[in-house]
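This is what each chain is made of:
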Amino acid sequence: MGCVIATLYSRHGYDVVVNDVQTEMLQQFGTRAMPIASAITGDEAHAKNVVDRIRFEGDLERAVEGAILVHEVVQEVLSVKQALFHRLDRLCRENVVIATNTSSFLLSQIATDVTHKRRVLGIHYVTPAHIVRVVELIHAEFTPPEVVEWGGTFVSSLDHVDVAIAERPGFLVNRIQFAMLSEIYRLMDEGLASREGIDAAVRLSLGPRLALWGPLLTEDLVVSKRTALAVTDSLYDQTGDENFKARKALRQLVDQGHLGALTGKGWYEFGRGHEEVVTERDRQLAELLTWLRDYDAVGRIGVRSPAPSSPNRACDQVEGYLGPRSEFRRGIAIKRCRRR
Ligand SMILES: NC(=O)c1ccc[n+]([C@@H]2O[C@H](COP(=O)([O-])OP(=O)(O)OC[C@H]3O[C@@H](n4cnc5c(N)ncnc54)[C@H](O)[C@@H]3O)[C@@H](O)[C@H]2O)c1
């Protein structure tokens, strides 16, 4: 991850010095960085220039000399990060921002032995960091707003987008991601659905909508808050699982009659009428789904197990199962299916 981050910083004009305790990591840096730089620049000569500008320094004290930002990207071991932060705190002037790319530790854990805690910030990239543009800016109680703001300006200078979050387990992206994954792990454990079924369900319904609009705007666009609340209440009643319990913010919107695009306001306010919003919503979604179907991302990845059945094959299977004399074959939905 350090290689990607260093290349990204160099690409955006920063003077970068890379330090690693393993000399061979520094020696192999160029080979690993070139494909990343090529992907960012789209031009071999430019990519070489980006990589060539990066300096390597095995001595930490010399590496951090004159830095405005020291970004720690060592492995996810708390004691290693704590020791490094303690050292950096002593090596760097008070106005040098010391950032961590930790995926899971809290800043307050990492900075236990740091005296000047105000300059400690989480700058957390999502893999592949040179392509995924969102960056989490994690702040602790001791991080002042101006340091977070500085982080936002820095991230913008990389043509990335910052999302600020107070330090909590999972921060923002992993908290959302693992809320979904933990339900999926449970479905797998209980054998309730196939892996292809789970992936298809997310890929063909939730995923494209989330990619276009994010979860809150999607909810505004596709469902009334009253229905959303009824569903969460029902899930909670059936499972007793606290994770499904409807939260205050949702109940408040329902109480205030802010049901989403339908009423002109939900999580967001809408400047156009419901019909117009829905027409635009459907146009965008149809375009993306058509592109996704034509692109066949799953097929191109080349996994060994078969991809989910295509709609035509599914129709064939339905006909085969019901049999030619089945009453159901006379139903409208089945009549549309054609045998190949
Ligand atoms: N790999 C990912 O996809 C990813 C994604 C997001 C965040 N992260 C986070 O980024 C960090 C690094 O992850 P990674 O997968 O690149 O780890 P890694 O183990 O591949 O690389 C860590 C590097 O740090 C070096 N190192 C160890 N101690 C050091 C020290 N004291 N001083 C200087 N260098 C030292 C190691 O030699 C190694 O080259 C972790 O905190 C991880 O959680 C990783």
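Residues numbered from 1 in each chain as written. Predicted model: local features only at pLDDT ≥ 70, side-chain atom pairs only at ≥ 80, totals over all residues.

Draft legend 1. Layout of the packing of helix α3 (residues 29-41) against helix α4 (residues 44-52). Viewed as axis vectors pointing N to C, α3 and α4 meet at an angle of 130°, and their least axial separation amounts to 8 Å. In terms of orientation, α3 and α4 fall into the oblique class. Here the hand of the crossing between α3 and α4 comes out right-handed. Contacts between α3 and α4 pair Gly-30, Ala-33, Met-34, Ala-37, Ser-38 and Thr-41 from the former with Glu-44, His-46, Ala-47, Val-50 and Val-51 from the latter. (Axes fitted to C-alpha atoms, helices over the stretch in contact; angles between N-to-C directions. Helix = DSSP H or I, 4+ residues; strand = E, 2+ residues; numbered from the N terminus. Parallel < 35°, antiparallel > 145°, perpendicular 65-115°, else oblique. Left-handed = near helix turned anticlockwise from the far one by under 90°. Contact = placed C-beta atoms within 7 Å.)

Draft legend 2. Broad picture of the confidence of the model for the chain. Confidence along the chain averages 92 in pLDDT terms, with 89% of residues attaining 70 or more. Contacts for the low-pLDDT stretch residues 309-315, under 50 throughout, to residues beyond four places or in other chains number two contacts. Across residues 323-340 the pLDDT falls below 50, and counting only partners more than four positions away or on other chains, this stretch makes 14 contacts in the model. (pLDDT = per-residue confidence, 0-100.)

Draft legend 3. Layout of α3. With 13 residues, α3 extends 18 Å from end C-alpha to end C-alpha; this agrees with the ideal 18 Å at 1.5 Å per step. All of the buried residues in α3 are Ala-33, Ile-36, Ala-37 and Ile-40. Close packing links the buried residues of α3 with α1 (2-11) and α4. Gly-42 sits one or two positions beyond α3 and adopts a positive phi of about 70°. (Expected span 1.5 Å × (residues − 1). Buried ≥ 20, exposed ≤ 12 C-beta atoms within 10 Å, placed from the backbone.)

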